[in-house]
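# Results of the structural survey
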Amino acid sequence: ISQLTNLQILLLNNNELDGPIFNFKKNTTAKLGNLRLNNNKLTGSIPSEIGTMTSLKNLHLNNNKLTGSIPSEIGNLVLLKSLSISQNK
């Protein structure tokens, strides 16, 4: 994924993925507008690096096993129109 610098949509929902959310690299995710990781088994917290994804319009992390607080860096996502983080731990 780190080679896909023009990626705009990443849909990995409903795949039973487990473990922590992968690290976001600014140069890789600069154009990413839609990220759906919902309905998996992801654990850990939402990484603060998510705030570098400034093109993000839709972020769906609901129905996982995420813990912790929502990082304040989400406030950097000024284009965000849809945020779904319900049904986590």
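No experiment lies behind these values; they were computed from the predicted model shown.

## Notes on the overall build of the protein chain
What the protein chain contains, in helices and strands, is one helix and seven strands. Ordered by position in the sequence, the α and β elements of the protein chain form the string β-β-α-β-β-β-β-β. Expressed along its principal axes, the backbone C-alpha trace of the protein chain runs to roughly 30 × 25 × 20 Å. Across the 89 residues in the protein chain, those meeting the buried criterion constitute 34%. The long-range fraction of contacts in the protein chain, counting pairs at least 24 apart against all pairs at least 6 apart in sequence, stands at 54%. Of the roughly 5,300 Å² that the protein chain leaves accessible, carbon and sulfur atoms contribute 48%. If the 9 positive side-chain charges of the protein chain are averaged to one point and the 4 negative ones to another, these points end up 9 Å apart.

## Focus: the nonpolar core
Counting residues in hydrophobic clusters, the biggest one holds 16 residues, and the most contacted among them are Ile21, Leu35, Ile50, Met53 and Leu61. Ignoring any residue separated from it by four or fewer positions in sequence, one finds Ile50 in contact with Phe24, Leu59, Ile74 and Leu77.

## As for the sheet that holds strand E6 (residues 65–66)
Strand order in this open sheet of three strands is E2-E4-E6, and the pairing throughout is parallel. In this open sheet, the two strands that pair with only one neighbour each are strand E2 (18–20) and E6. Taken together, the three bridges between E2 and strand E4 (residues 41–44) define a ladder with parallel strand orientation. For Gly19, the partnering residue across the bridge sits in E4 and is Leu42.

## Thoughts on unusual backbone geometry
Although it is not a glycine, Glu16 adopts a positive phi angle of roughly 60°. Inspection of the secondary structure assignment puts Glu16 in the loop between strand E1 (9–11) and E2. Overall, the relative accessible area of 59% leaves Glu16 in the exposed class. Even without glycine at this site, Asn63 takes up a positive phi of about 55°. Among the secondary structure elements, Asn63 is positioned in the loop between strand E5 (58–60) and E6. The exposure class of Asn63 is partly exposed, given its relative accessible area of 24%.

## Brief notes about the pairing of E4
Across two bridges, the pairing between E4 and E6 is parallel. Residue Thr43 lies in a different strand from E6, and its bridge partner there is Lys65.

Reading the values: rules and limits
- Residues numbered from 1 in each chain as written.
- Predicted model: local features only at pLDDT ≥ 70, side-chain atom pairs only at ≥ 80, totals over all residues.
- Heavy atoms only, no water.
- Helix = DSSP H or I, 4+ residues; strand = E, 2+ residues; numbered from the N terminus.
- Buried < 20%, exposed > 50% of the residue type's maximum accessible area, 1.4 Å probe, protein only.
- Contact = heavy atoms within 4.5 Å.
- Areas by Shrake-Rupley, 256 points an atom, 1.4 Å probe, with all protein chains shown as cover.
- Lys, Arg positive; Asp, Glu negative; His and termini not counted.
- Charge placed at Lys NZ, Arg CZ, Asp CG, Glu CD.
- Core = buried A, V, L, I, M, F, W, Y, C linked by side-chain atoms within 4.5 Å.
- Pairing = 2+ DSSP bridges.

Nothing here speaks to function; it is geometry throughout.
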